[in-house]
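# Analysis of the macromolecular model
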Amino acid sequence: MANPSPPNIFSKKLFEIEHALDIYAYSYVQFPASELYNPDLVKVHGKTIEKCHIYLIGYVPIIRLEGAEQDGSALVTKFTVGGLPRELRWPLPPKASLKREGEKFWVEDDSGTRRFPGMEASIFRLNSDDPILFDVQYIGQAYGEDGSRNALDRLTKHETLQRIALTPTPKNQRLEVILVEVQPNTRMMTVFNPWAEERDEDGSRITAALDSLFDTTEAQQVSLYEASLIRYFQPKYNKIFKDSFPSTNLKILQECYAKDMAGIIAEFCFDEIPFFLKSNTIAERPYHIAAFNIHNAEERDIFFGMKVGDIKPISEES
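A few points on the structure. (Residues numbered from 1 in each chain as written. Predicted model: local features only at pLDDT ≥ 70, side-chain atom pairs only at ≥ 80, totals over all residues. Heavy atoms only, no water.)

Looking only at helices and strands, the protein chain has seven helices and 14 strands in total. When the 318 residues of the protein chain are sorted by exposure, 49% land in the buried category. The contacts of the protein chain with a sequence gap of at least 6 include a subset with a gap of at least 24, amounting to 71%. Accessible area for the protein chain stands at about 16800 Å²; split by element, carbon and sulfur atoms hold 50% of it. (Helix = DSSP H or I, 4+ residues; strand = E, 2+ residues; numbered from the N terminus. Buried < 20%, exposed > 50% of the residue type's maximum accessible area, 1.4 Å probe, protein only. Contact = heavy atoms within 4.5 Å. Areas by Shrake-Rupley, 256 points an atom, 1.4 Å probe, with all protein chains shown as cover.)

Written out as structure tokens, the structure reads:
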């Protein structure tokens, strides 16, 4: 029986084995930009903040608790999200009832125990019902010598953040910051293509991939992750990388070309974050994967030939 014809994505490709560097966000801290100089921020999130070298600045809707009422055996909490009314329903324990004193609400059971849904839990539920959007305006990084600087260090003296803060904020929105830790143990994705023109008879391409993986420093990972997200989101206040990544002319990619990688992947995927990220060019969604071929030649276009991320490689003249 004859071998089946190769799928289009695998036909006329050069190498039997191709690799892509996969860099992903591992943890995050988010807070209003107005809290940037609050010492409690470091007290609460200090250990995580120390590892965050990427930051995203954007607008989110202001969320306010406007009131609460009891509807039979349910508690109804009323909010405005970006100025628009929203409601959440919560089941009440038996014999529990809603109490109020001025602007303060609580649910009290027959033992006198008081409780009330927290704002964090409420925001997660609001986001799951109808996504709350984080509109990305700027992406940056801080690394320093051997990781000595973190994103918070950079933001406290950040001219672009100050410029955004001085720009009139959209109605019912506030400026928010997300600090991101990039996982230092970067992954390598590999494609084995039996229909390629050249075969890896001696295993040299596998060996080169492992060398590339372990030789890619944390500083390089942070820089590649930043550049990938900027190219992907096209934030309003960024200039570098918006139209020039990936390109052989960029120093940031020289090591990748030297290591003969075929692609770069940057992942921002958190189940617990209470926002859907978006920008003027990228629609809101719960997860974002910025995927790029770093070679222009069609014969090396193996990973993202089916328009993953809907991004095509940039010409070397960019």
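The next point concerns the nonpolar core. L56, I178, Y225 and F268 are the most contacted members of the largest nonpolar core, which totals 52 residues. No other element matches helix α6 (residues 218-233), which puts eight residues into this core. If you look at the next biggest cluster of nonpolar residues, it comprises 20 residues, including Y59, A151, L155 and L175. (Core = buried A, V, L, I, M, F, W, Y, C linked by side-chain atoms within 4.5 Å.)

Another point: unusual backbone geometry. Its identity as a non-glycine residue notwithstanding, K95 has a phi of 65 degrees, on the positive side. By the secondary structure assignment, K95 is in the loop between β5 (84-91) and β6 (97-101). K95 sits in the exposed class, given a relative accessible area of 69%. Even without glycine at this site, Q234 takes up a positive phi of about 55 degrees.

This part covers the sheet that holds strand β8 (residues 114-115). On the basis of which strands lie adjacent, the open sheet formed by three strands has the order β6-β7-β8 and antiparallel pairing. What marks the edges here is a single partner per strand, and that holds for β6 and β8. Alignment of β6 against strand β7 (residues 104-108), held across five bridges, turns out to be antiparallel. Residue pairing in the sheet places K99 in a bridge with W106 of β7. (Pairing = 2+ DSSP bridges.)

As a further point, take helix α2 (residues 119-129). Of all the positions in α2, only S122, I123, L126 and N127 are classed as buried. Down the axis of α2, the smallest arc covering the buried residues is 135 degrees, so these residues share one side. Seen from the buried face of α2, the exposed residues on the opposite side, beyond 90 degrees, are E120, S128 and D129. If you follow the buried residues of α2, they end up packed against β3 (63-71), β4 (74-81), β5 and β13 (276-278). (Arc of directions from axis to C-beta.)

Quick look at α6 now. Here α6 spans 22 Å end to end across 16 residues, near enough to the 22 Å set by a 1.5 Å rise per residue. Buried residues dominate α6, accounting for 13 of its 16 residues. Trailing α6 by a residue or two, Q234 shows a phi angle of about 55 degrees, which is positive. (Expected span 1.5 Å × (residues − 1).)

What follows concerns the pairing of β4. Burial runs high along β4: seven of the eight residues are buried. As judged from the eight bridges shared by β3 and β4, these two strands associate in the antiparallel manner. If you follow E69 over to β4, its bridge partner there is V76. Note that β4 and β5 share eight bridges and pair antiparallel. What sits directly across from V76, in β5, is R89. The hairpin turn running from β4 into β5, its antiparallel successor, is two residues long, and G82 in that turn takes a positive phi close to 60 degrees.

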